[in-house]
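Structural description and commentary
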Amino acid sequence: MQRLLQSPAINATGVLLHTNLGRAPYALQQPAHASTVEFDVDRGERGSRQRGVNALISRLVGTEAAMVVNNNAAAVLLVLAAVAAGRGVTVSRGESVEIGGGFRVPEVLAQSGARLIDVGTTNRTRLSDYRQAIQSTTADVAAVLKVHPSNYRVTGFTETTSTAQLATLDVPLIVDIGSGLIDETCPWLPGPPPAWLDGEPGARQTIAEGADVITFSGDKLFGGPQAGIIAGRAQIVTACMQHPLARALRPGGHILAAVEAVAMSYLRRSVTVDLPFWQMASATLDDVWQRAAAIAPTWARVVGSEAVAGAGSVPGLNIASAAIELPGDHLAALRSRPLPIIARVRDAATVLDLRSVLPTDDAEVAVALAALTP
Ligand SMILES: *Cc1c(COP(=O)(O)O)cnc(C)c1O
């Protein structure tokens, strides 16, 4: 039987933000009602569909303004088109990256109508490299673009220019932070920020260091639905809202309502309760281990495992986890269930990492495992 339609699934891969499995799990709930998506109820007239996210994201990140588009690729495209079409944008050669699934910085930049000005080298770029480009009479630099190289790390003889340094240049600074970690200090977690977030730039910190505008995905570490968020100076965000591409890149009311709800969760500090991604990421190892032990059949073993954030966030850093290991390859049987379970095979054993499984799916996984034979 071929399955044509997309369906819910259980992610037992240990990759919390699995791009093929929809990245952050998030329930979109809205009744089949008319909604006030673009209606100002207080005044009884047309309003802006961005007003809610504008107010909430601005407060959350510490910016003058914010808006939401369909994904981060669209956010970068729109900012570049609004700020720099027909002019130059400097990008470090070390940040001219490809981020899975065809997001290539030089290509997005070309589509925006801006002209790429490469500065520095693959491994080292200094502030003086940017300054030289800005001062050159032919370059006509409209903005500096800094891109977080989400999915890889350059190590060894390297030098990058920080957001704080770039903010001293007198052209607008655009920073694509990628994953949407709202605050590096993770005030929504009970303890200090976890080691697996090491080096991931926070939205609040990037703005505080002087970025004029930032962009990030809604469905990575932010923990919401697929969306792209633009936050920064009012003048830049307004230029984005008024650009003809804004209409083509705008999300529908369901997504906007969901992004509003996610932002509210952060403001209330209830993300570890409300957002499935943060629920999974913040579970203690003990918890995950006990869940695995509770549902493993007698012929399976519970083993230590290493989960990852995924979606190109924080490469090379693992989240301690626990997995159920079954001798043999049972992937096809697990996938063939009405609610497919996606696992991995390692060393001739099937491995189900429980950190990426929602606790509410444990019973379903238990039934599936009980139906397998060694
Ligand atoms: C993930 C990512 C993107 C692409 O974001 P989408 O939401 O998938 O369009 C762009 N830039 C960076 C730095 C990223 O990490």
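Residues numbered from 1 in each chain as written. Predicted model: local features only at pLDDT ≥ 70, side-chain atom pairs only at ≥ 80, totals over all residues. Heavy atoms only, no water.

Regarding its fold elements, the chain presents 14 helices and 18 strands. In terms of overall dimensions, the chain is globule-like: its C-alpha atoms have a radius of gyration of 22 Å, near the 21 Å expected for 374 residues. Taking the principal axes of the C-alpha coordinates as reference, the chain spans close to 70 × 60 × 45 Å. Residues classed as buried in the chain amount to 51% of the 374 residues present. (Helix = DSSP H or I, 4+ residues; strand = E, 2+ residues; numbered from the N terminus. Rg over C-alpha atoms; globule rule 2.2 N^0.38 Å. Buried < 20%, exposed > 50% of the residue type's maximum accessible area, 1.4 Å probe, protein only.)

Within the span of helix α14 (residues 362-370), buried status applies to Asp362, Val365, Ala368 and Leu369. The buried residues of α14 occupy one face: seen down the axis, they fall within an arc of 120°. Of the exposed residues in α14, those oriented more than 90 degrees away from the buried face are Ala363 and Ala370. Among the structural elements, β1 (10-11), α12 (285-295), β15 (319-327), α13 (331-335), β16 (341-342) and β18 (349-353) are those in contact with the buried residues of α14. (Arc of directions from axis to C-beta. Contact = heavy atoms within 4.5 Å.)

Further remarks concern the pairing of strand β14 (residues 301-310). Pairing between strand β2 (residues 15-17) and β14: two bridges, direction parallel. Each bridged residue has a counterpart across the sheet, and for Val15 the counterpart in β14 is Val308. Relative to β15, β14 is paired through seven bridges, and the arrangement is antiparallel. Within the sheet, the bridge partner assigned to Gly304 lies in β15 and is Ala322. (Pairing = 2+ DSSP bridges.)

By nearness alone, every residue bordering the ligand is listed as Arg23, Asn71, Asn72, Ala73, Ile99, Phe103, His148, Ser150, Asp176, Gly178, Ser217 and Lys220. Note that a nitrogen atom of the ligand is positioned 2.6 Å from one of the side-chain N or O atoms of Asp176. Coverage of the ligand by the protein chains reaches 92% of its 390 Å² of free accessible surface. Mapped by element, the contributors of at least two residues to the shell around the ligand are α2 (72-84) and β11 (173-178). Taken together, the residues of the shell around the ligand break down into three nonpolar, six polar and three charged. (Near = heavy atom within 4 Å. Polar contact = N/O pair within 3.5 Å; in protein donor to acceptor, adjacent residues only side chain to side chain. Areas by Shrake-Rupley, 256 points an atom, 1.4 Å probe, with all protein chains shown as cover. Nonpolar A, V, L, I, M, F, W, Y, C, P; charged D, E, K, R; others polar.)

A few words on the environment of Val213. Inspection of the secondary structure assignment puts Val213 in strand β12 (residues 213-217). With 149 residues separating them along the chain, Val213 and Glu64 place their C-alpha atoms 9.8 Å apart. The residues touching Val213, leaving out its near neighbours within four places in the chain, are Val79, Leu173, Ile174, Val175, Ile230, Ala231, Gly232 and Ile236.

We now examine the pattern of salt bridges. For the structure on display, the rule yields 16 salt bridges. The salt bridge partner of Asp219 is Arg23, with a shortest N-O separation of 3.1 Å. Taken together, the residues span a long stretch of sequence, with Asp219 in the loop between β12 and β13 (228-232) and Arg23 in the loop between β2 and β3 (39-40) at a distance of 196 residues. By relative accessible area, Asp219 is classed as buried at 7%. Residue class for Arg23 comes out partly exposed when judged on its relative accessible area of 22%. A salt bridge links Arg337 to Glu364, with the shortest nitrogen-to-oxygen separation between them at 3.4 Å. Remark: Glu364 occurs in helix α14 and Arg337 occurs in the loop between α13 and β16; sequence separation between them is 27 residues. Judged by its relative accessible area of 17%, Arg337 falls in the buried class. Linked by salt bridges that have partners in common, Glu38, Arg46, Arg49 and Arg250 make up one network. (Salt bridge = Lys/Arg side-chain N within 4 Å of Asp/Glu carboxyl O.)

Accessible area lost on assembly of the parts is the figure often given for the size of an interface. Domain boundaries in the chain define domain 1 (10-23 + 276-370) and domain 2 (44-269). Domain 1 and domain 2 are separated by 32 Å when their C-alpha centres are compared. Taken together, the two surfaces of domain 1 and domain 2 that pack against each other cover about 1,500 Å², and 67% of this comes from carbon and sulfur. Joining domain 1 to domain 2, the criterion identifies one salt bridge. The tally of links between domain 1 and domain 2 comes to three residue pairs in polar contact (both at pLDDT 80 or more). Counting residues per element, the side of domain 1 that touches domain 2 draws most heavily on helix α11 (residues 276-282), which supplies four residues. Taken together, the residues of the side of domain 1 that touches domain 2 sort by class into 10 nonpolar, four polar and one charged. (Domains from an automatic or database assignment. Buried area = accessible area lost by both parts, 1.4 Å probe.)

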